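# Structural characterization, general
Spelled out, the chains give:
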Amino acid sequence: MKNSISAYLAFAVLAILPAASYAVDTLSTGGVSTCLEDSAIQVNKLDITFSRSTREITFDVSGTNAEVQKVTASLSVTAYGNEVYTKEFDPCHHDNRIDQLCPVPAGTFSATGSQEIPEEFVSQIPSIAFSIPDLDGVAKLQLKSKDDGKEVACIQSELTNGKSVELPAVSYAAAGMAGAALALSGLSALGSAGSTGSPSSSPGFGEVMGWFHTMATNGMLSVSYPPIYRSFAKNFAFSTGLVPWAQMQHSIDNFRRLTGGNLTEDNYDYWKDLSNAASNSSNEKRSLDVVIKGARLVIREVEATINDTSSDTAASSGEEGLVDGLEKFGQELLIPQSNTFMTVLLIFAIVVAAITVGILLVKVILELWALKGSFPKMLADFRNDYWGLLARTITNLILILYSIWVMYCVYQFSSGDSWAAQLLAGATLAIFTAILGFFTFRIIHLARKYKKAEGDASSLYENKETWRKYSLFYDNYKKGCWWLFIPVILYMLVKGCIIAGANGHGLIQSTGQLAVEALMLILLLWQRPYVAKSTQWINISIQVVRVLSVVCVLVFVDQLGLSQTTKTVTGVILIAVQSALTGILAILIAVNAIILCCRENPYAKKRKEAEKSNRDIDDLTPLDARESLLMDNPPRKGYSEMSNFNFTGPYEPYRDTDRLVDSEYRDESRHGRHSSRGSRDSHGSPDGRHPTKPGYGFAY
């Protein structure tokens, strides 16, 4: 940690990061693995805890031995890929005597005790080691026979200070942030109800959830993450549907058991028992990440990254599949590999059910309100269009989650074992893709139709019915960029396929994702498609950080051979950048909420102005200037009161017949008879039909 100033500054930043703390001024081990095959001495337990305040180290070692033998011990500590401490000692020497290991007895043995460490050695331990969350350190103990010097045992364990950046409070805050964005999006849609061409507020629910998906999936790739970044990424796992729930996992296990699944080790109880065993063997309470790292899959990663030599060997041999990103990410949350898709499917079903009940409850409230009195006109559409609103909401949810859904479905195809789960993955992926494909085809068809008839596709924004049905796909885009939702859907599809399809191959995942993110950034910079400037820069900034995040993830790829210190520094920088952007989005959501509460709704203001204008036309007097004969085309009484008549029928408005209509009106007024054009009603409209604007007629 003293090799470079930049590394020390990065670790200083780590020390002040918010962290869950379960210990004070202590270092301890957690999780045990062997680093020697066919060892004569099998060590099953190694718990070592050092307290800086008491300068005392306590140990608890147990295992089995085939024969009595005298040994020497060598203890080394590696931090961030660098060996920072090493010491050899003889358990039989009077200065370091450990009676239980002098000699190591045959059969089962155990040794517990404590030793006081001299102040001169304690002062050499950097204070920062006790405050850095998710300390990346490994302690290794080697035992050698005194008779022939042959290594008879080798065990290693991760070091922890009991602090972690994986905080439930962060997940709750992120969920609250997403909920606030959803509420603001709903209020914005309510305020613009009945208006066309009105963009939604930004950052909205889709943008916030999309950003959370980015941070979560950045931690799912098959690369050697520093522990601190993996812990950070797990705070946002909930956004992808990975919510650990014991009762749900048991139900999924039973479902898989009945449909051909193999539950020998890939089940919730197996991983839960492993977690409990690791917890019971610990002297200090540890975070979930430390506990699960004692599991077999995580141990394989530790073995691959214990030092530079073994890491290089693993990389050169191409055994990158040992670091299985998606599998490990789920199992650290106690979600077995084959349960992943079914977990996400059930969470999605629960969300859809909650949305359905919520919208139904709103409809019931409006119906009761209507029975007792009138309610604002803006709520009329919500009352009368229950099924349409529900369908659009679910479609919007599918659009937001499409990339994540593709990822989990493809992952189920490659790693799942239940035929029923495979069938559900295929069916739901086909249905979701078909729904988005249908809307894509429909919008393209309407755009071509409008462009052929009117010269452009502006009616996608101006036609009320078209806007109501399809605007969720393009409401924030400029009229000339309505088509941008198509490459966005393809972007989500390709991104999900790359992450899941290349699982176990971090280099392919990282480079493929970098290419996709870079192409999307180029498209946004080239088109600048968003209506509002604020929306423009928010989305471009999010995409820039996405590209930078994938560049940082490339540092964690084993094939590049970068040191563990470099990886940790990069992880800290990545956390800082992503946290900063998340904080900015949270501030913008709060600002939008203040603006929404304090400023008059612009769409409601427009409606009031239109209504006032209509009243002014209806209240004309003989002295009004608009009745003057000096005007070229003075509006006629009878026309004004119908100026807002919303006519639908097989007629088209035309301007060239204004004089004909006026002359016919004068003939009727003067002679009290009908013109040859046909009969009129009391307002002077042919066939009892009213024009939509004063001075406009209709042609058959």
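None of the values given here were measured: they were computed from a predicted structure.

## A few points about the overall build of the protein
Across its full length, the protein holds 23 helices and 12 strands. A buried classification covers 49% of the 700 residues belonging to the protein. Only carbon and sulfur atoms are counted for the fraction: they give 59% of the accessible area of the protein, which is about 34000 Å².

## A closer look at the nonpolar core
The biggest cluster of nonpolar side chains holds 106 residues, and the ones touching the most others in it are F212, L242, L460, F473, Y474 and W482. Per element, the largest residue contribution to this core is 17 residues, and it comes from helix α14 (residues 386-415). Filtering out sequence-adjacent residues up to four positions away, F212 remains in contact with A174, M177, A178, F236, F238, S239 and T582. Core analysis: the second largest hydrophobic core is formed by 19 residues, V43, L46, L101 and I155 among them.

## A look at the pattern of salt bridges
Should their charged atoms come close, side chains of opposite charge can pair. As enumerated under the stated definition, the model contains 12 salt bridges in all. Note that K479 and E462 form a salt bridge whose closest N and O atoms lie 3.0 Å from each other. Of this pair, K479 sits in the loop between α17 (464-470) and α18 (485-501) while E462 is found in helix α16 (residues 459-462), placing the two residues 17 residues apart along the sequence. Each of E166, K234, K328 and E332 takes part in a single network of salt bridges with overlapping partners.

## Notes on the state of the cysteines
Within the structure shown, the criterion is met by 1 disulfide. There is a disulfide in this structure between C35 and C154, and the S-S distance comes to 1.8 Å. The sign of the -85° torsion about the S-S bond sets the C35-C154 disulfide as left-handed. Of this pair, C35 sits in the loop between β2 (26-34) and β3 (41-51) while C154 sits in strand β9 (residues 151-160), and the two are 119 residues apart along the sequence. Left unpaired, C409 is separated from the closest cysteine sulfur, that of C497, by 9.9 Å.

## Side note on the packing of helix α4 (residues 205-218) against helix α20 (residues 533-554)
Two quantities define a packed helix pair, namely the angle between the axes and the distance from one axis to the other. Packing of α4 against α20 brings their axes to within 11 Å, and their N-to-C directions diverge by 5°. In terms of orientation, α4 lies roughly parallel with respect to α20. For the pair formed by α4 and α20, the contact residues are E207, G210, W211, T214 and N218 on the first element and T535, N539, I542, V545, R546, S549 and V553 on the second. Taken together, the residues of the contact of α4 with α20 break down into 4 nonpolar, 6 polar and 2 charged.

## Here's the deal with unusual backbone geometry
Of note, the phi angle at L334 is positive, near 60°, even though the residue is not glycine. For L334, the location among the structural elements is in the loop between α11 (325-331) and α12 (340-372). On the basis of relative accessible area, L334 is assigned to the buried category, the value being 9%. In this structure, R528 takes a positive phi of about 45° despite not being glycine. Checked against the element boundaries, R528 lands in the loop between α19 (506-527) and α20. The class of R528 is partly exposed, set by a relative accessible area of 35%.

## Some remarks on a nonpolar patch on the surface
Where nonpolar side chains cluster on the molecular surface, the patch consists of L360, V364, L368 and L371 and spans about 400 Å² of accessible area. Inspection of the secondary structure assignment puts L368 in helix α12.

## A short note on the side chain of S403
Among the secondary structure elements, S403 is positioned in helix α14. Residue class for S403 comes out buried when judged on its relative accessible area of 14%. Excluding its chain neighbours within four sequence positions, the residues that come into contact with S403 are M492, K495 and G496.

## Here's the deal with helix α6 (residues 246-258)
When the terminal C-alpha atoms of α6 are compared, their 19 Å separation across 13 residues agrees well with the 18 Å that a helix rising 1.5 Å per residue should span. Every buried residue belonging to α6 is among M248, Q249, I252, D253 and R256, and all of these are buried. Looking straight down α6, one finds its buried side chains confined to an arc of 140°; they lie on one side. Opposite its buried face, α6 presents the exposed residues Q247, R257 and L258, each directed more than 90 degrees away.

## Here's the deal with the confidence of the model for the protein
On average, the protein scores 75 in pLDDT, and the residues at 70 or more come to 72%. Contacts of residues 1-23 to residues separated by more than four positions or lying in other chains number 55 contacts, the stretch itself having pLDDT below 50. For the stretch residues 281-323, pLDDT sits under 50, and the model shows 91 contacts to residues farther than four places along the chain or on other chains.

## A closer look at the packing of α4 against α14
Put simply, α4 and α14 touch, their axes get as near as 8 Å, and they point 25° apart. It follows from the interaxial angle that α4 and α14 lie roughly parallel. Residues F205, G206, M209, H213 and T217 of α4 form the contact with α14, whose participating residues are I400, L401, I404 and M407.

## Some thoughts on α19
Its 22 residues place the ends of α19 32 Å apart at the C-alpha level, agreeing with the 32 Å of an ideal helix rising 1.5 Å per residue. Three or more residues of α19 are buried, namely G506, Q509, S510, G512, Q513, V516, E517, M520, L521, L523 and L524. Downstream of α19 by one or two residues, R528 has phi in the positive range, about 45°.

## So, the side chain of S415
Looking at the element boundaries, S415 is found in helix α14. Under the relative-accessibility criterion, S415 is labelled buried at 16%. Only 2.7 Å separates the side chain of S415 from the backbone oxygen of Y411, close enough to count as a polar contact.

## Some remarks on the pairing of strand β5 (residues 71-79)
Counting buried residues along β5, 8 of its 9 residues qualify, which places the element largely inside the surrounding structure. Sheet analysis places β5 next to strand β8 (residues 137-145), joined by 9 bridges and oriented antiparallel. Bridge pairing links A73 to L143 in β8. As paired strands, β5 and strand β6 (residues 82-89) are joined by 7 bridges and run antiparallel to one another.

## Let's talk about the environment of M407
Position of M407 among the secondary structure elements: in helix α14. Relative accessible area serves as the criterion here: at 1%, M407 is assigned to the buried category. Between the C-alpha atom of M407 and that of C497, which follows or precedes it by 90 residues, the distance is 5.7 Å. If we skip the residues at most four places from it in the chain, M407 touches T217, M220, L326, G496, I499 and A500.

Definitions and limits used
Residues numbered from 1 in each chain as written. Predicted model: local features only at pLDDT ≥ 70, side-chain atom pairs only at ≥ 80, totals over all residues. Heavy atoms only, no water. Helix = DSSP H or I, 4+ residues; strand = E, 2+ residues; numbered from the N terminus. Buried < 20%, exposed > 50% of the residue type's maximum accessible area, 1.4 Å probe, protein only. Areas by Shrake-Rupley, 256 points an atom, 1.4 Å probe, with all protein chains shown as cover. Core = buried A, V, L, I, M, F, W, Y, C linked by side-chain atoms within 4.5 Å. Contact = heavy atoms within 4.5 Å. Salt bridge = Lys/Arg side-chain N within 4 Å of Asp/Glu carboxyl O. Disulfide = S-S within 2.5 Å. Axes fitted to C-alpha atoms, helices over the stretch in contact; angles between N-to-C directions. Parallel < 35°, antiparallel > 145°, perpendicular 65-115°, else oblique. Nonpolar A, V, L, I, M, F, W, Y, C, P; charged D, E, K, R; others polar. Patch = residues over 30% accessible without salt bridge, like charges linked within 9 Å, V, L, I, M, F, W, Y side chains within 5 Å. Expected span 1.5 Å × (residues − 1). Arc of directions from axis to C-beta. pLDDT = per-residue confidence, 0-100. Polar contact = N/O pair within 3.5 Å; in protein donor to acceptor, adjacent residues only side chain to side chain. Pairing = 2+ DSSP bridges.

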